[in-house]
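Architecture and fold: a report
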Amino acid sequence: MTPAKAPIPVLLYHAVMDDPPAWIAEFTVTPRRFTDQLDAVVAAGRTPVPVSALVDGLTGGAPLPPRPVVLTFDDGFADLPGPTAEALAERALPATAYLTTGAITPGLASLLPPAPMMTLAQAPSLERHGVEVGAHTVTHPQLDTLRAPQLDRELRESKAALEDVLGHEVAHLAYPHGYNSRAVRGAARRAGYASAVAVRHALSSGTDEPLRISRLILRRGHTVADVEAWMAGEGARAAPFHDSAATVGWRLYRKARAAVRGPRFAG
(Lines give C-alpha, C1' and ligand atoms only; values in the text may rest on other atoms or scores of the structure.)
Protein backbone atom coordinates (compact mmCIF):
# COMPACT_ATOMS: atom_id res chain seq x y z
CA MET A 1 0.00 0.00 0.00
CA THR A 2 1.25 3.49 -0.87
CA PRO A 3 1.94 5.75 2.14
CA ALA A 4 -0.64 8.54 2.14
CA LYS A 5 1.84 11.36 1.63
CA ALA A 6 4.07 9.57 -0.89
CA PRO A 7 4.25 11.49 -4.20
CA ILE A 8 2.36 9.93 -7.12
CA PRO A 9 3.30 11.11 -10.62
CA VAL A 10 0.28 11.67 -12.88
CA LEU A 11 1.60 12.60 -16.32
CA LEU A 12 -0.39 14.73 -18.77
CA TYR A 13 0.24 14.32 -22.50
CA HIS A 14 -1.48 15.98 -25.43
CA ALA A 15 -0.39 15.23 -29.02
CA VAL A 16 2.41 12.81 -29.91
CA MET A 17 3.61 13.77 -33.38
CA ASP A 18 6.59 15.11 -35.32
CA ASP A 19 4.93 18.11 -36.97
CA PRO A 20 2.18 19.53 -34.74
CA PRO A 21 0.16 22.69 -35.41
CA ALA A 22 1.83 25.72 -33.86
CA TRP A 23 -0.85 26.21 -31.19
CA ILE A 24 -0.21 22.82 -29.57
CA ALA A 25 3.51 22.48 -30.38
CA GLU A 26 4.66 23.48 -26.89
CA PHE A 27 2.63 20.61 -25.42
CA THR A 28 3.55 18.02 -28.06
CA VAL A 29 6.24 15.37 -27.78
CA THR A 30 7.74 13.53 -30.72
CA PRO A 31 7.05 9.80 -31.08
CA ARG A 32 10.73 9.05 -30.38
CA ARG A 33 10.79 11.13 -27.22
CA PHE A 34 7.46 9.65 -26.16
CA THR A 35 8.70 6.06 -26.38
CA ASP A 36 11.90 7.02 -24.54
CA GLN A 37 9.78 8.53 -21.77
CA LEU A 38 7.56 5.45 -21.60
CA ASP A 39 10.65 3.28 -21.30
CA ALA A 40 11.81 5.48 -18.42
CA VAL A 41 8.45 4.94 -16.69
CA VAL A 42 8.84 1.18 -17.09
CA ALA A 43 12.47 1.24 -15.90
CA ALA A 44 11.49 3.15 -12.76
CA GLY A 45 9.61 0.10 -11.52
CA ARG A 46 6.41 1.94 -10.73
CA THR A 47 3.05 0.22 -11.21
CA PRO A 48 0.96 1.93 -13.90
CA VAL A 49 -2.73 2.35 -13.04
CA PRO A 50 -5.60 4.24 -14.70
CA VAL A 51 -7.23 7.21 -13.01
CA SER A 52 -10.12 5.02 -11.81
CA ALA A 53 -7.70 2.97 -9.71
CA LEU A 54 -6.07 6.11 -8.34
CA VAL A 55 -9.47 7.43 -7.32
CA ASP A 56 -10.35 4.15 -5.62
CA GLY A 57 -7.23 4.56 -3.54
CA LEU A 58 -7.98 8.20 -2.72
CA THR A 59 -11.53 7.42 -1.61
CA GLY A 60 -10.95 4.34 0.52
CA GLY A 61 -11.69 1.68 -2.07
CA ALA A 62 -9.13 -0.79 -3.36
CA PRO A 63 -5.67 0.12 -2.04
CA LEU A 64 -3.08 1.48 -4.42
CA PRO A 65 0.10 -0.46 -5.20
CA PRO A 66 3.21 0.73 -3.34
CA ARG A 67 4.56 2.95 -6.16
CA PRO A 68 1.85 3.86 -8.67
CA VAL A 69 2.09 6.06 -11.75
CA VAL A 70 -0.75 7.36 -13.92
CA LEU A 71 -0.55 8.32 -17.61
CA THR A 72 -3.22 10.65 -19.01
CA PHE A 73 -3.94 12.19 -22.43
CA ASP A 74 -6.13 15.22 -23.13
CA ASP A 75 -8.29 16.31 -26.08
CA GLY A 76 -8.18 13.32 -28.45
CA PHE A 77 -5.53 13.95 -31.08
CA ALA A 78 -5.35 11.65 -34.11
CA ASP A 79 -2.30 9.75 -32.87
CA LEU A 80 -4.07 8.57 -29.72
CA PRO A 81 -6.05 5.54 -30.98
CA GLY A 82 -3.20 4.54 -33.29
CA PRO A 83 0.54 4.65 -32.57
CA THR A 84 0.19 6.20 -29.12
CA ALA A 85 -2.21 3.55 -27.81
CA GLU A 86 -0.11 0.86 -29.48
CA ALA A 87 3.06 2.10 -27.74
CA LEU A 88 1.26 1.94 -24.40
CA ALA A 89 -0.12 -1.53 -25.08
CA GLU A 90 3.30 -2.85 -26.13
CA ARG A 91 4.59 -1.94 -22.67
CA ALA A 92 1.44 -3.06 -20.81
CA LEU A 93 0.85 0.51 -19.65
CA PRO A 94 -2.78 1.33 -18.89
CA ALA A 95 -3.76 4.98 -19.25
CA THR A 96 -6.71 7.38 -19.18
CA ALA A 97 -7.72 9.59 -22.12
CA TYR A 98 -10.01 12.61 -21.75
CA LEU A 99 -11.88 13.41 -24.96
CA THR A 100 -13.32 16.76 -26.10
CA THR A 101 -16.50 15.55 -27.78
CA GLY A 102 -17.15 18.66 -29.86
CA ALA A 103 -13.69 18.37 -31.42
CA ILE A 104 -14.01 14.69 -32.36
CA THR A 105 -17.66 14.46 -33.44
CA PRO A 106 -18.51 15.22 -37.09
CA GLY A 107 -20.89 18.17 -37.30
CA LEU A 108 -19.95 19.60 -33.89
CA ALA A 109 -17.41 22.28 -33.01
CA SER A 110 -15.14 23.29 -30.17
CA LEU A 111 -12.87 26.11 -29.13
CA LEU A 112 -9.80 24.04 -30.02
CA PRO A 113 -7.97 25.39 -33.07
CA PRO A 114 -7.63 23.06 -36.09
CA ALA A 115 -5.52 19.93 -35.61
CA PRO A 116 -5.57 16.26 -36.65
CA MET A 117 -8.08 14.65 -34.29
CA MET A 118 -9.45 11.16 -33.67
CA THR A 119 -13.19 10.57 -34.03
CA LEU A 120 -15.78 9.74 -31.42
CA ALA A 121 -16.35 6.40 -33.17
CA GLN A 122 -12.76 5.43 -32.34
CA ALA A 123 -13.28 5.77 -28.58
CA PRO A 124 -14.07 2.04 -28.08
CA SER A 125 -10.75 1.14 -29.71
CA LEU A 126 -8.96 3.03 -26.94
CA GLU A 127 -10.50 0.73 -24.37
CA ARG A 128 -9.39 -2.30 -26.36
CA HIS A 129 -5.82 -1.01 -25.98
CA GLY A 130 -6.21 -0.62 -22.21
CA VAL A 131 -6.94 3.12 -22.24
CA GLU A 132 -9.93 4.12 -20.14
CA VAL A 133 -11.99 7.05 -21.43
CA GLY A 134 -13.00 10.17 -19.55
CA ALA A 135 -14.73 13.40 -20.55
CA HIS A 136 -13.07 16.72 -21.38
CA THR A 137 -16.26 18.75 -22.01
CA VAL A 138 -17.90 19.48 -25.35
CA THR A 139 -16.19 22.68 -26.49
CA HIS A 140 -13.09 22.92 -24.21
CA PRO A 141 -14.06 26.17 -22.43
CA GLN A 142 -12.56 27.66 -19.29
CA LEU A 143 -15.17 26.12 -17.00
CA ASP A 144 -14.59 28.53 -14.12
CA THR A 145 -15.76 31.43 -16.32
CA LEU A 146 -19.11 29.92 -17.34
CA ARG A 147 -22.58 30.58 -15.98
CA ALA A 148 -24.22 27.61 -14.28
CA PRO A 149 -26.43 26.50 -17.23
CA GLN A 150 -23.48 26.54 -19.67
CA LEU A 151 -21.27 24.73 -17.17
CA ASP A 152 -23.88 22.05 -16.64
CA ARG A 153 -24.31 21.47 -20.39
CA GLU A 154 -20.57 21.13 -20.96
CA LEU A 155 -20.26 18.54 -18.19
CA ARG A 156 -23.38 16.51 -18.90
CA GLU A 157 -23.49 16.50 -22.70
CA SER A 158 -19.90 15.33 -23.10
CA LYS A 159 -20.47 12.59 -20.54
CA ALA A 160 -23.64 11.44 -22.27
CA ALA A 161 -22.04 11.39 -25.73
CA LEU A 162 -19.18 9.21 -24.54
CA GLU A 163 -21.49 6.90 -22.60
CA ASP A 164 -23.61 6.44 -25.71
CA VAL A 165 -20.70 5.31 -27.89
CA LEU A 166 -19.00 3.24 -25.18
CA GLY A 167 -22.09 1.63 -23.69
CA HIS A 168 -21.13 2.21 -20.06
CA GLU A 169 -20.77 4.96 -17.47
CA VAL A 170 -18.08 7.61 -17.87
CA ALA A 171 -17.14 8.77 -14.39
CA HIS A 172 -13.93 10.76 -14.86
CA LEU A 173 -13.37 14.33 -16.05
CA ALA A 174 -10.48 16.60 -17.01
CA TYR A 175 -10.91 20.34 -16.63
CA PRO A 176 -9.91 22.16 -19.87
CA HIS A 177 -6.70 24.11 -19.25
CA GLY A 178 -6.90 22.69 -15.72
CA TYR A 179 -9.11 25.61 -14.75
CA ASN A 180 -11.58 24.90 -11.95
CA SER A 181 -13.09 26.39 -8.83
CA ARG A 182 -15.19 25.28 -5.89
CA ALA A 183 -18.33 25.91 -7.96
CA VAL A 184 -16.96 23.90 -10.90
CA ARG A 185 -15.97 21.01 -8.65
CA GLY A 186 -19.45 20.99 -7.13
CA ALA A 187 -21.04 20.97 -10.57
CA ALA A 188 -18.80 18.07 -11.62
CA ARG A 189 -19.89 16.07 -8.59
CA ARG A 190 -23.58 16.75 -9.29
CA ALA A 191 -23.12 15.76 -12.94
CA GLY A 192 -22.04 12.32 -11.80
CA TYR A 193 -18.26 12.45 -11.99
CA ALA A 194 -16.31 10.46 -9.40
CA SER A 195 -13.09 12.33 -10.17
CA ALA A 196 -11.63 15.25 -12.05
CA VAL A 197 -8.06 16.07 -12.96
CA ALA A 198 -6.57 19.54 -13.05
CA VAL A 199 -3.01 20.43 -14.04
CA ARG A 200 -1.13 22.43 -11.34
CA HIS A 201 2.16 20.90 -12.65
CA ALA A 202 2.60 19.03 -9.40
CA LEU A 203 2.87 15.49 -8.15
CA SER A 204 -0.28 13.93 -6.78
CA SER A 205 -0.36 11.92 -3.54
CA GLY A 206 -2.54 9.57 -1.54
CA THR A 207 -4.16 12.58 0.12
CA ASP A 208 -4.89 14.50 -3.09
CA GLU A 209 -8.41 15.76 -3.82
CA PRO A 210 -10.43 13.38 -6.05
CA LEU A 211 -12.06 16.34 -7.83
CA ARG A 212 -8.79 18.26 -8.28
CA ILE A 213 -6.09 15.68 -8.94
CA SER A 214 -2.74 17.27 -9.73
CA ARG A 215 -0.87 16.39 -12.92
CA LEU A 216 2.55 17.05 -14.43
CA ILE A 217 2.18 18.52 -17.91
CA LEU A 218 4.64 17.29 -20.54
CA ARG A 219 6.12 20.04 -22.70
CA ARG A 220 8.26 19.55 -25.78
CA GLY A 221 11.40 20.49 -23.83
CA HIS A 222 10.97 17.86 -21.13
CA THR A 223 13.54 15.09 -21.25
CA VAL A 224 13.89 11.54 -19.99
CA ALA A 225 15.76 13.00 -17.02
CA ASP A 226 12.67 15.02 -16.07
CA VAL A 227 10.51 11.91 -16.22
CA GLU A 228 13.06 9.97 -14.16
CA ALA A 229 12.98 12.68 -11.48
CA TRP A 230 9.19 12.59 -11.32
CA MET A 231 9.25 8.80 -11.09
CA ALA A 232 11.53 9.24 -8.07
CA GLY A 233 8.97 11.58 -6.51
CA GLU A 234 11.17 14.62 -7.09
CA GLY A 235 11.26 17.71 -9.26
CA ALA A 236 7.87 19.19 -8.30
CA ARG A 237 5.80 19.92 -5.23
CA ALA A 238 3.21 17.39 -4.08
CA ALA A 239 -0.53 18.02 -3.68
CA PRO A 240 -2.74 18.79 -1.95
CA PHE A 241 -2.07 22.49 -1.47
CA HIS A 242 -4.17 25.65 -1.52
CA ASP A 243 -4.49 27.86 -4.59
CA SER A 244 -2.12 30.79 -4.50
CA ALA A 245 -3.34 34.40 -4.41
CA ALA A 246 -2.07 34.75 -7.98
CA THR A 247 -4.18 31.79 -9.13
CA VAL A 248 -7.29 33.20 -7.49
CA GLY A 249 -6.65 36.64 -8.99
CA TRP A 250 -6.11 35.17 -12.46
CA ARG A 251 -9.40 33.29 -12.18
CA LEU A 252 -11.27 36.50 -11.32
CA TYR A 253 -9.66 38.34 -14.22
CA ARG A 254 -10.54 35.58 -16.71
CA LYS A 255 -14.11 35.44 -15.45
CA ALA A 256 -14.54 39.19 -15.89
CA ARG A 257 -12.99 39.05 -19.36
CA ALA A 258 -15.27 36.19 -20.40
CA ALA A 259 -18.33 38.17 -19.29
CA VAL A 260 -17.35 40.88 -21.79
CA ARG A 261 -15.75 38.91 -24.66
CA GLY A 262 -17.35 35.49 -24.40
CA PRO A 263 -15.66 32.07 -24.26
CA ARG A 264 -11.98 31.87 -25.19
CA PHE A 265 -9.72 28.91 -25.86
CA ALA A 266 -6.61 29.80 -23.89
CA GLY A 267 -5.30 31.73 -20.92
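This write-up is about the structure you can find in this document. (Residues numbered from 1 in each chain as written. Predicted model: local features only at pLDDT ≥ 70, side-chain atom pairs only at ≥ 80, totals over all residues. Heavy atoms only, no water.)

1. Details of the overall build of the protein chain
- A tally of regular secondary structure across the protein chain gives 9 helices and 10 strands.
- Its C-alpha atoms give the protein chain a radius of gyration of 17 Å, near enough to 18 Å, the size a compact globule of 267 residues would have.
- Once the C-alpha set of the protein chain is aligned to its principal axes, its extents read approximately 50 × 35 × 35 Å.
- Expressed as a percentage of the 267 residues in the protein chain, the buried residues total 51%.
- Residue pairs at least 24 apart in sequence account for 68% of intrachain contacts in the protein chain once pairs closer than 6 positions are excluded.
- A total accessible area of about 11200 Å² is found for the protein chain, and carbon and sulfur atoms account for 55% of it.
- Charge separation in the protein chain, taken as the distance between the mean sites of 27 positive and 26 negative side-chain charges, equals 10 Å. (Helix = DSSP H or I, 4+ residues; strand = E, 2+ residues; numbered from the N terminus. Rg over C-alpha atoms; globule rule 2.2 N^0.38 Å. Buried < 20%, exposed > 50% of the residue type's maximum accessible area, 1.4 Å probe, protein only. Contact = heavy atoms within 4.5 Å. Areas by Shrake-Rupley, 256 points an atom, 1.4 Å probe, with all protein chains shown as cover. Lys, Arg positive; Asp, Glu negative; His and termini not counted. Charge placed at Lys NZ, Arg CZ, Asp CG, Glu CD.)

2. Let's talk about the nonpolar core
- One finds L11, F34, F73, L88, L99, L155 and Y175 to be the most contacted residues of the largest nonpolar core, which totals 49 residues.
- Ignoring anything within four residues of it in the chain, the contact list for L11 reads V41, V70, L71, T72, L216, L218, W230 and M231.
- Core analysis: the next-biggest nonpolar cluster, separate from the first, contains 13 residues, V10, V55, V70 and Y98 among them. (Core = buried A, V, L, I, M, F, W, Y, C linked by side-chain atoms within 4.5 Å.)

3. Things to note about the packing of helix 1 (residues 31–43) against helix 3 (residues 80–90)
- Following both chains from N to C, one finds helix 1 and helix 3 inclined at 25 degrees, their axes separated by 11 Å at the closest point. The angle between helix 1 and helix 3 places the two elements in the roughly parallel class. For the pair helix 1 and helix 3, the sense of crossing is right-handed. From helix 1, F34, T35 and L38 reach across to helix 3, where they touch T84, A87 and L88.
- Grouping the amino acids of the contact of helix 1 with helix 3 by side-chain chemistry returns 4 nonpolar, 2 polar and no charged. (Axes fitted to C-alpha atoms, helices over the stretch in contact; angles between N-to-C directions. Parallel < 35°, antiparallel > 145°, perpendicular 65-115°, else oblique. Left-handed = near helix turned anticlockwise from the far one by under 90°. Nonpolar A, V, L, I, M, F, W, Y, C, P; charged D, E, K, R; others polar.)

4. Quick look at the pattern of salt bridges
- Following the criterion strictly, the structure yields 14 salt bridges and no others.
- The partner of R251 in a salt bridge is D144, with the nearest N and O atoms 3.5 Å apart. Of this pair, R251 sits in helix 9 (residues 245–261) while D144 sits in the loop between strand 6 (131–135) and helix 6 (148–166), and the two are 107 residues apart along the sequence.
- R251 gets classed as buried once you look at its relative accessible area, which sits at 16%.
- Put simply, R254 and D144 hold a salt bridge, and the shortest N to O gap is 2.6 Å. Residue R254 is found in helix 9, and its partner D144 is found in the loop between strand 6 and helix 6; the two are separated by 110 residues along the sequence.
- For R254, a relative accessible area of 2% gives the class buried. (Salt bridge = Lys/Arg side-chain N within 4 Å of Asp/Glu carboxyl O.)

5. Thoughts on the pairing of strand 5 (residues 95–99)
- Counted residue by residue, strand 5 has 5 buried out of 5 residues, so it is predominantly covered.
- Burial of strand 5 is two-sided: the residues A95, A97 and L99 facing one way and the residues T96 and Y98 facing the other way are all buried.
- When strand 4 (residues 68–75) meets strand 5, the two strands line up parallel, connected through 4 bridges. Counterpart to D75 in the pairing with strand 5 is L99. (Pairing = 2+ DSSP bridges.)

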